[in-house]
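Residues per chain are reported as follows:
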Amino acid sequence: MNIAVLGAMWGDEGKGHITHHLSRNFDWVIRFNGGANAGHTIYRDGKKFVHNLLPSVDFRYPDVNSYLGSGMVIDLEKLRDEVMEAEKTYPGVGKRIYVDKDAFIVERKHKEEDKSTNGHIGSTNRGIGPAYKDKIGRSGKRIGDLFTEGKPDLITGYSDVLLDLIGKGVTFTHALAWQDVFNASSLLFEGAQGVLLDINHGIYPYVSCSDATIGGIIASGFAFAKLDKVYGVAKCYTTKVGEGPFPSELQGAEAEELRKIGNEYGATTGRPRRVGWLDLPALRYACRKGGITHLILTKMDILSGRDVVPVVHSYGKEPVCPDDFCSAKPQYMDVLGWSDCRDFAQMDRFINEVEYATGCYVAYVSCGTSESDILAWEPEAA
Ligand code: IMP
Ligand code: MG
């Protein structure tokens, strides 16, 4: 079975937590877009880990491998740091990490360029935009170039990093050469960012620069992998970091309270996240554009104890393109709340509204950071 776990909103939905939990059942967990702008938070054995580049694999399971796909842009120094850090707790884990040679390198100059040019977007300054710009402009450097005779000099200073990674057992390869391996395996594709930050379908120009929909999986050379389920992850409320339209955004004391109880501060940058209520038209848009078939709702514990939970049910005009988010006139309704986020009967009304609005089954809900907090809502749907 092959599945994808995508961000259904603006990132930070809890993809890392979900992927980590599901990863034990798969042979490969594959990142296919973005780079170290992602911050996937994982809680394991009471400790917190943040993966920026490595897939959110549960390293306690020795048969799960990691693949960094060709659609990514990779800061090799950052990757070395992450591998070294993982090696401290899981010696030998480097041998389970594979990197596509067709992925492009985030060079030091890209991070500098991000700082000086992409402040108005609220970029994470990880060099993502400039690296993809060079890729599209056909002047980018691929990881494979470091292996090509005569070419390493083009990218000075990265050969040592590469050797360190190889020394830790990391394999550099090409996905297509492994098609037989992948065809005989179960694959979990882990998206980064979310559909509303997607370069094509997100709210341009307030987007990241990669394909955060199932299109990114195909673009990374995995067109041969048939997906059985595409899970879209969304919080039961909404957050966003960076600039741009956010129709259901809260302001003032109400925002401050939700930010505080939800601990909404960026995993990558530490920035306070913008917060708002669940936005059903945006979620419906994301399901359609993203190729999402099932939903996973996270952070249900954060909204526990409210009599009612507000959600946006309409913009007046259904959003069908990014511009529709700029002119949205959000209309709210109150949905019956829950006091116990482990009591399915209490959450039924809320889940039903989400399913009705999106046409997607809710497969899991998450009500905390430990593994036992991820609950299968409808076993047959999960
Ligand atoms: P960039 O990808 O660093 O250029 O950032 C572009 C926009 O996407 C900014 O608003 C970032 O805050 C946002 N962004 C990028 N990656 C993530 C992520 O993983 N989670 C949430 N927001 C992100
Ligand atoms: Mg994040």
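Procedures and definitions
Residues numbered from 1 in each chain as written. Chains lettered and ligands numbered in written order. Predicted model: local features only at pLDDT ≥ 70, side-chain atom pairs only at ≥ 80, totals over all residues. Heavy atoms only, no water. Buried < 20%, exposed > 50% of the residue type's maximum accessible area, 1.4 Å probe, protein only. Helix = DSSP H or I, 4+ residues; strand = E, 2+ residues; numbered from the N terminus. Polar contact = N/O pair within 3.5 Å; in protein donor to acceptor, adjacent residues only side chain to side chain. Axes fitted to C-alpha atoms, helices over the stretch in contact; angles between N-to-C directions. Left-handed = near helix turned anticlockwise from the far one by under 90°. Contact = heavy atoms within 4.5 Å. Nonpolar A, V, L, I, M, F, W, Y, C, P; charged D, E, K, R; others polar. Salt bridge = Lys/Arg side-chain N within 4 Å of Asp/Glu carboxyl O. Pairing = 2+ DSSP bridges. Expected span 1.5 Å × (residues − 1). Arc of directions from axis to C-beta. Near = heavy atom within 4 Å. Areas by Shrake-Rupley, 256 points an atom, 1.4 Å probe, with all protein chains shown as cover. Donors = N, O, S within 2.8 Å, 3.2 Å for Na, K, Ca; no water.

*Asks:* Mind showing me how you'd approach helix H9 (residues 280-290) here?
*Replies:* By the criterion of burial, H9 is predominantly enclosed, with 9 of the 11 residues buried. Along H9, the residues classified as buried are Leu280, Pro281, Ala282, Leu283, Arg284, Tyr285, Ala286, Cys287 and Gly290. You can read the cap of H9 off the contacts: a side-chain oxygen lies 3.0 Å from the backbone nitrogen of Ala282, and it is on Asp279. Positioned one or two residues after H9, Gly291 has a phi angle of 80 degrees, which is positive.

*Asks:* Just checking my understanding: could you explain the packing of helix H3 (residues 108-117) against helix H4 (residues 128-136) for this structure?
*Replies:* Relative placement of two packed helices is described by the angle separating their axes and the distance separating the axes. Relative to each other, H3 and H4 sit at 120 degrees, their axes nearing to 7 Å. Seen along the crossing, H3 lies across H4 with a hand that is right-handed. In contact with Lys109, His110, Glu113 and Asp114 of H3, H4 contributes Ile128, Gly129, Pro130, Ala131, Lys133 and Asp134. Looking at side-chain class alone, the contact of H3 with H4 contains 3 nonpolar, 2 polar and 5 charged residues.

*Asks:* I would appreciate a short explanation of the pattern of salt bridges in the present structure.
*Replies:* When the charged atoms of two side chains with opposite charge come close together, those side chains can pair. Tallied over the entire structure, the rule returns 25 salt bridges. Each of Arg24, Arg44, Asp45, Asp58, Arg60 and Glu371 takes part in a single network of salt bridges with overlapping partners.

*Asks:* I'm lost on the sheet that holds strand E18 (residues 374-376) in this one. Help?
*Replies:* Either a parallel or an antiparallel arrangement is found when strands of a sheet pair, and the pairing is made through backbone hydrogen bonds. In space, the 10 strands of this open sheet follow the order E9-E7-E5-E2-E10-E1-E11-E14-E17-E18, with mixed pairing throughout. Strands at the two margins of the open sheet, each flanked by one partner only, are strand E9 (171-173) and E18. With direction set aside, neighbouring strand axes in the sheet form an average angle of 25 degrees. Bridging between strand E11 (residues 229-235) and strand E14 (residues 294-298) involves 5 bridges; their strand directions are parallel. Note on E14: the bridge partner recorded for Lys235 is Thr298. Contacting strand E1 (3-7), strand E2 (28-31), strand E10 (187-190), E11, E14, strand E17 (361-366) and E18, helix H1 (residues 15-22) runs over the sheet at an angle of about 165 degrees to E1.

*Asks:* Could you clarify how one ought to interpret the sheet that holds strand E15 (residues 308-314) in this entry?
*Replies:* One open sheet accounts for 4 strands, arranged E12-E13-E15-E16; its pairing is mixed. Each having just a single partner strand, strand E12 (237-240) and strand E16 (331-336) make up the two edges of the open sheet. Pairwise comparison of adjacent strand axes, ignoring direction, gives a mean angle of 50 degrees for this sheet. Here strand E13 (residues 274-279) runs beside E15; their pairing, made up of 2 bridges, is parallel. Across the sheet, the residue bridging to Asp279 is Val312, located in E15. Sheet strands in contact with helix H8 (residues 252-261) are E12 and E13, and its direction is about 90 degrees off that of E13. Against the sheet, helix H10 (residues 344-358) touches E13, E15 and E16, its axis set at about 140 degrees to E16.

*Asks:* Got a minute to help me understand helix H2 (residues 76-89) in this structure?
*Replies:* In an α-helix, one turn spans 3.6 residues; hence positions three or four apart end up facing the same way. Between its terminal C-alpha atoms H2 stretches 21 Å, which fits the 20 Å expected from 14 residues at 1.5 Å a residue. Buried residues of H2: Leu76, Leu79, Glu82, Val83, Ala86 and Glu87, and no others. In an axial view of H2, the angular spread of the buried residues amounts to 140 degrees, which keeps them on one side of the axis. The inward-facing, buried residues of H2 abut strand E4 (47-51), strand E5 (65-68), strand E6 (73-74), strand E7 (97-100), strand E8 (104-105) and helix H5 (159-167).

*Asks:* Where do I start with the site of ligand 1 in this structure?
*Replies:* Taken together, the neighbourhood of ligand 1 is formed by 16 residues, with Asp12, Asn37, Thr124, Ser208 and Arg271 sitting nearest. Note that an oxygen atom of ligand 1 is positioned 3.3 Å from one of the backbone N or O atoms of Gly122. Thr124 has a polar side-chain atom sitting 2.5 Å from an oxygen atom of ligand 1. Burial of ligand 1 by the protein amounts to 97% of the accessible area it has alone, namely 470 Å².

*Asks:* Would you explain the coordination of the magnesium ion (ligand 2) in this entry?
*Replies:* Angles at a metal have ideal values that depend on geometry: 109.5 degrees with four tetrahedral donors, 90 or 180 degrees with six octahedral donors. The protein atoms that coordinate the magnesium ion (ligand 2) are Asp12 (OD) and Gly39 (O), at distances of 2.0 to 2.6 Å. Here Asp12 is found in the loop between E1 and H1, whereas its partner Gly39 is found in the loop between E2 and strand E3 (40-44), with 27 residues between them in sequence.

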